[in-house]
Amino acid sequence: MQPRSFVLPGFCLLLVLLLFCALGPTDARVPDEPATLSGTVRDPAGAVVPKATVVATSTHTGQTFRARSDSQGHYELVGLPPGPYRVQATAPGFGPRTETVELRAGQSTQLDLSLPLAPVAQVVTVSEIPEEIAVEFRQVPGGVALIGRTELQQTRATTLKDALAFTPGVLVQPRFGADESQLSIRGSGLRNNFHLRGVNLLVNGMPYQDADGSSDFESLELMAIERVEVWKGANAIRYGGNTMGGAIHFVTRTGETAPPLELRIVGGAFGFYKAQLATSGAAGRFSYYASYTASEMDGYREHSQQGRHRLFANLGWRIGPSTQVAVDILAANVAEKLPGALTRSEFLSNPRQAQASNVTGDWGRFYNYVRLGARLRHEFNSGHMLALSVYGQYRNMDHPIFQVLDQDGRNFGGEIHYTVQGTLWGQRNRFVIGFAPQHGTTGERRYVNLGAGQPAGQRGALTALFGTTATNCGLYFENQLDVTSAFTFIAGGRADWARREFTDLFLSDGDRSDRRTFSAVSPKLGFVWRVAEGVQLFGNVSRSYEPPLLLELTSFGAPGFLPLEAQDTWQYEIGTRGQLGSRLDWDLAFFDAEIDNEIINRNVRPFPGAPFTIPSYRNAPQTRHLGMELGAGALLGEGLLVAGDRLHWRLAYTWSQFRYVDDPSFGDNALPGAPRHLLRSEVRYTHPRGFWVAPNLDWSPARYFVNSANTVVNTAYAVLNLKAGFDGLDRQNLRISFYLEASNLTNRKYSASVQVDNDLGRFFEPSEGRALYAGLSWRFGR
């Protein structure tokens, strides 16, 4: 079957037309003299609020202007085009205040803002999300999610499941209690039995993954994160997304959003502890934030000890009212043992054991990681915004598995991102264009694994010596046009060129050097229809094109590169989101992903009688991913026991039906690895004095297959958990919070994470048994 294609000239013509429309004059009239907006931000008692963020958004063009209140609570915004504005003020510890104002040409307008006290222990507060991000999310024609810092602070902040458990469509299952997880969005990367592909990870807008698209999780620190943004499918084009799953964007804390000093300690079952020390500050135009965390765990299973040391810091400099520069520094030391997967009989008899060959071979992963990134953002008064970023990262890794892998990896990249907000044919229009190159090299040496306890060390004879190179260039654009005040039409696309190279330097067994080039053009069309106040319908159709990873091209069975084609996906999505007052909110989406050449994994024995498997890959000619995602929340009651208390319910439900289509080996069998139904539900009671308690249910009610032949299943499970905390002690700029988590209360034996298509029948990665964790945090300063 031939891959689906899109005609290049048509894409180029559309790009030229949109460039002409967006970059051309937005208004033929002589511009009016700009206006000024100023005022004072106060609390309910009338005291001034310093360091409050004030954002004025033009309701005509969508252009935003930002200021911070000084030590006297005063703010000032200058150079604003006249017209109607929505003005929002936010500050830590307060709820948001939003007002509307009409600014007239050449005049100064006074607008004082009074902030209400924030409700205690909110899961996600509006004040955590910048107004421009909230506005942008309302314009996305598909599935998105925002997770704020409050939710992150009310978890162990250890695995991505802590952050994303209540995001429908996102499957996150820790493999052995640590941050290494099975992560998939809409079935992306289900074939991966380790690490990640099919989803782009970004930190402060810059790619975290390697240039070929491979990624891990161990260097990410959730305690230093301000918010997490999830952009599903082609909705991730804002970040140059070119994957079927989309993108997860981690936005870190800064000197303007974090308290001056914070200490946090979490500990509990299976020898787990984690501690964070963070500091921040802002003086004039400069700000800084620095966080150091250390964590260790013995692990639920044998041979699953973990250790992490992570440092994250950023420096900010406001060169002027419209120009910002920021520098990020990330360093990590990672050490982890790998317990492997179990057969069903091993899992049922003793889920805490490790795979025997992993113990005798002392399998693990140990590396040092350093990353440096710099960002510049400049806003023009005419509604134009330019963002530039560059980054580089280095990883040195010792990775004993079936052989001992010694790797040095270097990845570099950058992006230029240009946004134009104005009018087109008298209607609001927003245009984005960007170019993102990436380049990565890896030098790798492989040795015979002699196993643990050898006098001469674990490394034996050299078996391989090679270098790999991955290069990508992506050009993307998106245009949002308000056809009417209620209907927005979105058109976009991405052109990709990628090269993968393998240079064999160990020639005694032959020269395996190889190279491949991939290229494609991927369009996107979508709409957002605001059918009523607070209610939207949305839809989109898009293409994504994913070249194989280097580890897939060079996997077992390849004389050079395996003959793998790029994975080519057409995805269709329709849904609705909205809210009814303060009582009910929802986000519902249906999707259909039609995939040519989906890359499928099979873990095979490298030789007869081998006690372990290694991965190999092939293309499935055609597969189909159907699904439904439902997120919902409801305020069940107020004033139930005392005045001001609340009872809230939330739900995340995902239905998945992923199948082969007329596959020569597996017919129309189900693709392995994804639960058919996955439901997470929580009821949270919040007391006005700061106490809260939240029992929750993690339920996979139907069994699902773990191999492509559909002969082995993972059983259904239901796991009860309980979280509770206290966020109320706030005196003299000292805030103390307490957190408690009891997981798997019934001590259910289950395996939420699986390895698919393992020739040894080792499919199951047991989840933790009954466990108790507790944490304390001290925050000094507002």
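In this report, we go over the structure that sits alongside the text. (Residues numbered from 1 in each chain as written. Predicted model: local features only at pLDDT ≥ 70, side-chain atom pairs only at ≥ 80, totals over all residues. Heavy atoms only, no water.)

## Observations regarding the sheet that holds strand S13 (residues 206-207)
The five strands are arranged S9-S14-S15-S12-S13 in an open sheet whose pairing can be described as mixed. Sheet topology places strand S9 (144-148) and S13 at the edges, where each strand pairs with a single neighbour. Both S9 and strand S14 (residues 225-232) contribute to a ladder of five bridges, which runs antiparallel. Across the sheet, Gly148 pairs through a bridge with Arg227, a residue of S14. (Pairing = 2+ DSSP bridges. Helix = DSSP H or I, 4+ residues; strand = E, 2+ residues; numbered from the N terminus.)

## Some details on unusual backbone geometry
Although it is not a glycine, Ala157 adopts a positive phi angle of roughly 55 degrees. Tracing the backbone shows Ala157 in the loop between helix H3 (149-153) and helix H4 (160-164). With phi around 60 degrees, Phe270 is a residue other than glycine that occupies positive phi space. Along the chain, the position of Phe270 falls in the loop between strand S16 (261-268) and strand S17 (272-283). With relative accessibility at 17%, the residue Phe270 sits in the buried group. (Buried < 20%, exposed > 50% of the residue type's maximum accessible area, 1.4 Å probe, protein only.)

## Quick notes on the pattern of salt bridges
Inspection of every chain in the model, using the stated rule, returns 47 salt bridges. Of the charged contacts in the structure, one is a salt bridge between Asp179 and Arg308, with a shortest N-O distance of 2.6 Å. Taken as a pair, Asp179 in the loop between strand S10 (170-174) and strand S11 (181-185) and Arg308 in strand S19 (residues 306-320) lie far apart in primary sequence, 129 residues in all. The residues Asp179 and Arg308 share a single accessibility class, namely buried. When salt bridges with common partners are traced through the structure, they connect Asp179, Glu221, Lys274, Arg308, Arg310 and Glu336 into a single cluster. (Salt bridge = Lys/Arg side-chain N within 4 Å of Asp/Glu carboxyl O.)

## Description of the sheet that holds strand S3 (residues 64-68)
In spatial order, the strands read S3-S2-S5-S6; together these four strands make up an open sheet with antiparallel pairing. The open sheet has two edge strands, S3 and strand S6 (97-103), and neither has a second partner. Pairwise comparison of adjacent strand axes, ignoring direction, gives a mean angle of 20 degrees for this sheet. Across seven bridges, strand S5 (residues 83-90) lies against S6 in antiparallel orientation. By the bridge assignment for S6, Gly83 is matched with Leu103. (Axes fitted to C-alpha atoms, helices over the stretch in contact; angles between N-to-C directions.)

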